[in-house]
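A structural walkthrough
Here's the letter readout for the chains.
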Amino acid sequence: MRMWTRFLRMGGSATLLALALTLALADTRAVAAEEPEGQEGATQKPPPLMVQKLDAMQGALKGIATRDFAMIRENGDLMQRISLIDQWLKYPDTEYGNLTQNFRRAVENMIMSADAENLEGATLYFQNVTTTCLECHTFMREPKKQ
Ligand code: HEC
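Please read all numbers here as calculations on a predicted model, not as lab measurements. (Residues numbered from 1 in each chain as written. Predicted model: local features only at pLDDT ≥ 70, side-chain atom pairs only at ≥ 80, totals over all residues.)

The next thing to look at is the overall build of the protein. Counting its regular elements, the protein contains seven helices and zero strands. Traced from its N-terminal end to its C-terminal end, the protein shows the element sequence α-α-α-α-α-α-α. The burial tally for the protein puts 18% of its 146 residues in the buried class. (Helix = DSSP H or I, 4+ residues; strand = E, 2+ residues; numbered from the N terminus. Buried ≥ 20, exposed ≤ 12 C-beta atoms within 10 Å, placed from the backbone.)

Following this line, the structure appears as C-alpha cells:
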C-alpha cells in the first residue's frame, strides 16, 4: 500500500488507479466465469492473449507507480506485440481495425514518454490506453447492426 500512497503524492491520479483496478477486477471475474470446468483434454495452456494484455497493463501501471521507465517500455512493447498477433487481426471489421490503431498509437506515445523519462506523459498516455481498452470492449458488446 505504501507504494500507492507514494504514487499519489508524486501526482499520480486517483481516478487512474481506481479505473485500472476496476478494470482488473471486472476482467478477472469475466475470465473466471468463462473457464469451463474439467473440459476434456484440457492441458496447461499459455495465458490467453487478452489476459496477457491485462498483465502488461498492470506491469505498465507498476512501472508508472515506481518510476521504472524500463518497466513501462517493456510492458508497452509487450502490448504492441500482442496487438499484432493473429487473434487481433481475426476481426476484419473496419471499426475494429480503427480501434486497434487507436490502441497502438496510445501505447506508442506511452513508450515514447517512458523513453524520454517523462513520467507525467507516460501517466497521461497510460490513461489513453485504458480508454482504448474500454472503447474496444464496448464496441464488441454492441449488438451488430445489419
Ligand atoms: C481493438 C480491440 C481491443 C482492444 C483495444 C482491447 N481489447 Fe481486450 N478484448 C478484445 C476482444 C475482442 C475480447 C474478447 C474476445 C477474445 O478473447 O478474443 C477482449 C477480451 C479481453 C479480456 C478477457 C475478458 C473478457 O472480458 O472477455 C481481457 C482481460 C482484456 N480484453 C483486456 C484488455 C486490456 C487490459 C486492454 C487494454 C490494454 C484491452 N483488452 C484492449 C478486444 C480488445
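More follows now that the structure is in view.
Quick look at the nonpolar core now. Grouped together as the largest cluster of nonpolar side chains are 19 residues, with contacts concentrated most on Ala 60, Val 107, Met 110, Ala 122, Phe 126 and Val 129. If you list the elements that add at least two residues to this core, you get helix H3 (49-65), helix H4 (69-84), helix H6 (94-115) and helix H7 (119-141). In terms of residue count, H6 provides more of this core than any other element does, seven residues in total. Setting aside residues no more than four positions away along its own chain, Val 129 makes contact with Phe 103, Ala 106, Val 107 and Met 110. (Core = buried A, V, L, I, M, F, W, Y, C linked by C-beta atoms within 7 Å. Contact = placed C-beta atoms within 7 Å.)

With that settled, the discussion passes to unusual backbone geometry. Of note in the backbone geometry, Arg 67 takes a positive phi value of approximately 55° without being a glycine. Relative to the elements of secondary structure, Arg 67 occurs in the loop between H3 and H4. Overall, the presence of 14 C-beta atoms within 10 Å leaves Arg 67 in the partly exposed class. In this structure, Glu 117 is a non-glycine residue whose phi angle is positive, near 50°. Relative to the assigned elements, Glu 117 resides in the loop between H6 and H7.

With that out of the way, let us pick up the environment of Ser 83. Inspection of the secondary structure puts Ser 83 in helix H4. On a C-alpha basis, the gap between Ser 83 and Lys 53 in space is 8.5 Å, while along the polypeptide they are 30 residues apart.

Attention now moves to H6. Here H6 is 22 residues long and its end C-alpha atoms lie 31 Å apart, about the 32 Å a rise of 1.5 Å per residue gives. If you check which residues of H6 are buried, you get Leu 99, Phe 103, Ala 106, Val 107, Met 110, Ile 111, Ser 113 and Ala 114. The buried residues of H6 occupy one face: seen down the axis, they fall within an arc of 165°. In H6, those exposed residues whose orientation departs by more than 90 degrees from the buried face are Thr 94 and Gln 101. Lining the buried residues of H6 we find H3, H4 and H7. Among the residues trailing H6, Glu 117 stands out with phi positive, at a value near 50°. (Expected span 1.5 Å × (residues − 1). Arc of directions from axis to C-beta.)

Take the confidence of the model for the protein next. Across the protein, the average pLDDT comes to 77, with 62% of residues at or above 70. Under a pLDDT of 50 for its full length, residues 1-12 has, in the predicted model, eleven contacts with residues more than four places off or in other chains. Note on residues 24-42: pLDDT is under 50 here. Beyond four places in sequence and across chains, it has four contacts. (pLDDT = per-residue confidence, 0-100.)

Relative to the assigned elements, Arg 104 resides in helix H6. When the 17 C-beta atoms within 10 Å are taken as the criterion, Arg 104 is described as partly exposed. The spatial distance from the C-alpha of Arg 104 to the C-alpha of Gln 80 is 6.4 Å, given a sequence separation of 24 residues. If we ignore the near neighbours within four places in the chain, the residues touching Arg 104 are Gln 80 and Ser 83.

Right, let's get into the packing of H3 against H4. H4 packs onto H3 with a crossing angle of 160° between their chain directions and a minimal axis gap of 8 Å. Classified by the angle their axes make, H3 and H4 are roughly antiparallel. Once H3 is placed against H4, the crossing between them reads as left-handed. Each of Leu 49, Gln 52, Lys 53, Ala 56, Gly 59, Ala 60, Lys 62, Gly 63 and Ile 64 in H3 lies in contact with H4, whose residues at this interface are Phe 69, Met 71, Ile 72, Asn 75, Gly 76, Leu 78, Met 79 and Ile 82. Broken down by class, the residue content of the contact of H3 with H4 amounts to ten nonpolar, five polar and two charged. (Axes fitted to C-alpha atoms, helices over the stretch in contact; angles between N-to-C directions. Parallel < 35°, antiparallel > 145°, perpendicular 65-115°, else oblique. Left-handed = near helix turned anticlockwise from the far one by under 90°. Nonpolar A, V, L, I, M, F, W, Y, C, P; charged D, E, K, R; others polar.)

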